[in-house]
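# Understanding the architecture of this molecule
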Amino acid sequence: MKTLVLGATDNPDRYAYKAVHSLQRHGHEVVPVGIRKGQVAGLAIHTDRPAETGIDTVTLYVGPQNQPAWYDYILSLKPRRIIFNPGTENPELEQKAQAAGIRTEEACTLVMLSVGQYEQ
């Protein structure tokens, strides 16, 4: 499954950094997108809005106050689901996603991966 990590960073103290590494360890293809250039887990962090296809999951590490600028991009990817990690919960984006037929989950990607629930 291909996962787009929105809020990717090269800072090892951040959960988005840990998520990219954990997703790779669990065999997932990862597309890191962030606001600063850098590398995480050997992947270049995209600072634009890459035209990706086949995105299964968008996992958010961007706070709700910064998400509106990303709404159209996230929805245009037509992912199967969006994971709102702790601190990224956003009822407005959840409603838009659900209206577009996209499943939403308020969950932690790292926990989901560690307990085998990510693939569901």
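Structure: above.
This report concerns the structure included in the present document. (Residues numbered from 1 in each chain as written. Predicted model: local features only at pLDDT ≥ 70, side-chain atom pairs only at ≥ 80, totals over all residues. Heavy atoms only, no water.)

### Re the packing of aromatic side chains
- Inspection of every chain in the model, using the stated rule, returns 1 aromatic pair.
- Centroid distance tryptophan 70 to tyrosine 73: 6.0 Å. Interplanar angle 65 degrees. Geometry classified as edge-to-face.
- Here tryptophan 70 falls in the buried class, since its relative accessible area comes to 9%.
- Residue classification places tyrosine 73 among the buried residues on the basis of a relative accessible area of 8%.
- The side chain of arginine 49 reaches across the aromatic face of tryptophan 70, ending 3.9 Å from its centre.
- The aromatic ring of tyrosine 118 is capped on one face by arginine 81, whose charged end is 4.4 Å from the ring centroid. (Phe/Tyr/Trp six-rings, centres within 6.5 Å; stacked < 30°, edge-to-face > 60°. Buried < 20%, exposed > 50% of the residue type's maximum accessible area, 1.4 Å probe, protein only. Lys NZ or Arg CZ within 6 Å of the ring centre and 35° of its normal.)

### Some points on the sheet that holds strand E5 (residues 55-60)
- Strand order in this open sheet of 5 strands is E2-E1-E5-E6-E7, and the pairing throughout is parallel. Both outer strands of the open sheet, strand E2 (29-33) and strand E7 (103-106), are each paired with one neighbouring strand and no more. Across the sheet, the mean angle separating the axes of adjacent strands is 20 degrees when strand polarity is ignored.
- Relative to E7, strand E6 (residues 81-84) is paired through 4 bridges, and the arrangement is parallel. When the bridges of E7 are listed, arginine 81 appears paired with arginine 103.
- Sitting on the sheet, helix H1 (residues 15-25) is in contact with strand E1 (2-6) and E2, with an inclination near 170 degrees to E1.
- Against the sheet, helix H3 (residues 91-99) makes contact with E5, E6 and E7, and its axis sits at roughly 150 degrees relative to E7, the strand it touches most. (Pairing = 2+ DSSP bridges. Helix = DSSP H or I, 4+ residues; strand = E, 2+ residues; numbered from the N terminus. Axes fitted to C-alpha atoms, helices over the stretch in contact; angles between N-to-C directions. Contact = heavy atoms within 4.5 Å.)

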